[in-house]
Amino acid sequence: MEHRLILASASPARLQQLRSAGLEPEVIISGVDEDAIHHARPDLLARELANAKGAAVLERVEGDAILIACDSVLEFEGRAHGKPAGPEQAIAHWHRIRGGQGVLHTGHCVVVRSGGREKTQSRIASTVVKFADLTSEEIEAYVATGEPLVVAGGFTMDGFGGAFVTGVEGDPHNVIGISLPLLRQMLLDLGVTWQSLWRPGLTVE
């Protein structure tokens, strides 16, 4: 199956996850205004955001393609938390979540277009994330790195924030930005095998 493999996400972490798993997608950023999309449930908000990104990019793609779109939202105390608006908000956010736990929801939208026909799947992966009880000094130092300002929920597990996540319940890939097991199953349900997307000549060096 010769299709363009497209990732509709600006996230370097998602791209790196796919590359590490043997895939080499083309990145097309959607340009969707995330602040214009709302939903009362954080998990469904993540799915709506992913669907919107996928739809926006698909309009700009011609011919056969496999498109993957994702968006993540942290649910804490029943509320959705995306990227902090600035350093002060990030500091306040971390003072709330330190020592607690939340749920990281990632919406996944996969579209397979072949021969003029499109098949779509849209699903959510949710992982419980437990946070260390950071000191105020640690919070301020972390926010000063700038990392919390560019990621959903104001934290990462594969960067500076990794030391501040004490455990997860569920798929750890999802916390980084994309659930590889869920993505594999979605593709399989749409008739695409995971190994068919591996880079040609892929071997472990």
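Fair warning: this is a prediction, and the values are worked out from it, not measured in the lab.

### Points about the environment of Ala152
One can find Ala152 in the loop between helix 4 (136-144) and strand 7 (165-169). Assessed through its relative accessible area of 18%, Ala152 is described here as buried. Sequence separation of Ala152 and His105 is 47 residues, and the distance between their C-alpha atoms is 9.8 Å. Those residues in contact with Ala152, other than ones at most four positions away along the chain, are Ser72, Val73, His81, Gly82 and Lys83.

### Overview of the packing of aromatic side chains
Tallied over the entire structure, the rule returns five aromatic pairs. Aromatic pair Trp94 and Tyr142: ring centres 5.9 Å apart, planes at 80°, arrangement edge-to-face. Here Tyr142 lies in helix 4 and Trp94 lies in helix 3 (residues 87-97), a separation of 48 residues in the sequence. In this structure Trp94 comes out as buried when scored by relative accessible area, which is 1%. According to the relative accessible area criterion, Tyr142 is buried, its value standing at 2%.

### Structural notes on the pairing of strand 5 (residues 101-114)
The buried fraction of strand 5 amounts to eleven of the 14 residues, a majority that puts the element mostly inside the structure. Where strand 3 (residues 65-76) and strand 5 come together, eleven bridges link them in antiparallel fashion. For Leu74, the partnering residue across the bridge sits in strand 5 and is Leu104. Two elements, strand 5 and strand 6 (residues 117-131), share 14 bridges in a ladder whose sense is antiparallel. Directly across from Val112, in strand 6, lies its bridge partner Lys119. Between the end of strand 5 and the start of strand 6, which pair antiparallel, lie two residues, with Gly115 showing a positive phi angle near 60°.

### Digging into the state of the cysteines
Working definition of a disulfide: a covalent bond connecting the sulfur atoms of two cysteines. The full count for this structure, using the stated rule, is zero disulfides. Take Cys70: it sits in no disulfide, and the sulfur closest to it among the cysteines is that of Cys109, at 8.8 Å. Classification of Cys70 as buried rests on a relative accessible area of 0%. You can call Cys109 buried: its relative accessible area is 4%.

### Quick look at the environment of Ala65
Relative to the elements of secondary structure, Ala65 occurs in strand 3. Excluding anything up to four places from it in sequence, Ala65 contacts His3, Arg4, Ile6, Val111, Val112 and Arg113.

Conventions used here
- Residues numbered from 1 in each chain as written.
- Predicted model: local features only at pLDDT ≥ 70, side-chain atom pairs only at ≥ 80, totals over all residues.
- Heavy atoms only, no water.
- Helix = DSSP H or I, 4+ residues; strand = E, 2+ residues; numbered from the N terminus.
- Buried < 20%, exposed > 50% of the residue type's maximum accessible area, 1.4 Å probe, protein only.
- Contact = heavy atoms within 4.5 Å.
- Phe/Tyr/Trp six-rings, centres within 6.5 Å; stacked < 30°, edge-to-face > 60°.
- Pairing = 2+ DSSP bridges.
- Disulfide = S-S within 2.5 Å.

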